[in-house]
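Commentary on secondary and tertiary structure
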Amino acid sequence: AVVSTQSTGGTVSSAAHTTTVKSSQIGNIDIAQLSGVLDTIIDNTILPEVNRIFGLGIVLPIDKFLTLNSGLLEVREDFLKICCDITLTDFSLAELKKIVENIV
């Protein structure tokens, strides 16, 4: 994964899933075979499309305010965590100065 000053991107190398048949109207289902078919579909259609989009980078709406440094992405079950050092831009510093001057 890559985190730049304005965007983040990377690749997904694998996907884990659990296959369960709740009911069947066609008889017994071999879970191992079904799971293998799903693995093939995920690996050959879904992951390439996700990687195509993620490889282009997802623009983060912060470029005016922050610069991201030394980034690390952590993929969780239902969110993407971006960990990095930040540097405030000159714009942010000027805005913070205005806020402090109004308080003091």
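Computed from a predicted model, the values in this text were never measured in an experiment.

**Here's the deal with the overall build of the protein chain**
Counting its regular elements, the protein chain contains 2 helices and 5 strands. Start at the N end of the protein chain and walk to the C end: the helices and strands fall as β-β-α-β-β-β-α. Expected size for 104 residues packed as a compact globule is a radius of gyration near 13 Å; at 22 Å, the protein chain overshoots this value by more than 25%. Seen through its principal axes, the protein chain has C-alpha atoms that stretch 75 × 25 × 20 Å.

**Quick notes on the pattern of salt bridges**
Throughout the structure, instances matching the rule amount to 2 salt bridges. With a shortest N-O distance of 2.8 Å, Arg 52 and Glu 49 are connected by a salt bridge. Of this pair, Arg 52 and Glu 49 both sit in helix H1 (residues 31-56), 3 residues apart, which is roughly one turn of the helix. On the accessibility criterion, Arg 52 (46% relative accessible area) is partly exposed. Lys 98 is the salt-bridge partner of Glu 95, the closest N and O atoms lying 3.1 Å from each other. Separated by 3 residues within a single helix, Glu 95 and Lys 98 lie in helix H2 (residues 90-103), roughly one turn from each other. For Glu 95, a relative accessible area of 29% corresponds to the partly exposed category.

**Concerning the confidence of the model for the protein chain**
The predicted model of the protein chain has a mean per-residue pLDDT of 81, with 92% of residues at 70 or higher. The spread of mean pLDDT over the elements of the protein chain runs between strand E1 (residues 2-3), the lowest at 54, and H2, the highest at 89.

**Let's talk about the pairing of strand E5 (residues 80-88)**
One ladder, built from 8 bridges, connects strand E4 (residues 66-75) with E5; its direction is antiparallel. Paired with Leu 72 across the strands is Cys 83, a residue of E5.

**A word on the environment of Ile 42**
Tracing the backbone shows Ile 42 in helix H1. For Ile 42, a relative accessible area of 17% puts it in the buried group. The residues touching Ile 42, leaving out its near neighbours within four places in the chain, are Ala 15, His 17, Leu 47 and Pro 48.

Rules and cut-offs
- Residues numbered from 1 in each chain as written.
- Predicted model: local features only at pLDDT ≥ 70, side-chain atom pairs only at ≥ 80, totals over all residues.
- Heavy atoms only, no water.
- Helix = DSSP H or I, 4+ residues; strand = E, 2+ residues; numbered from the N terminus.
- Rg over C-alpha atoms; globule rule 2.2 N^0.38 Å.
- Salt bridge = Lys/Arg side-chain N within 4 Å of Asp/Glu carboxyl O.
- Buried < 20%, exposed > 50% of the residue type's maximum accessible area, 1.4 Å probe, protein only.
- pLDDT = per-residue confidence, 0-100.
- Pairing = 2+ DSSP bridges.
- Contact = heavy atoms within 4.5 Å.

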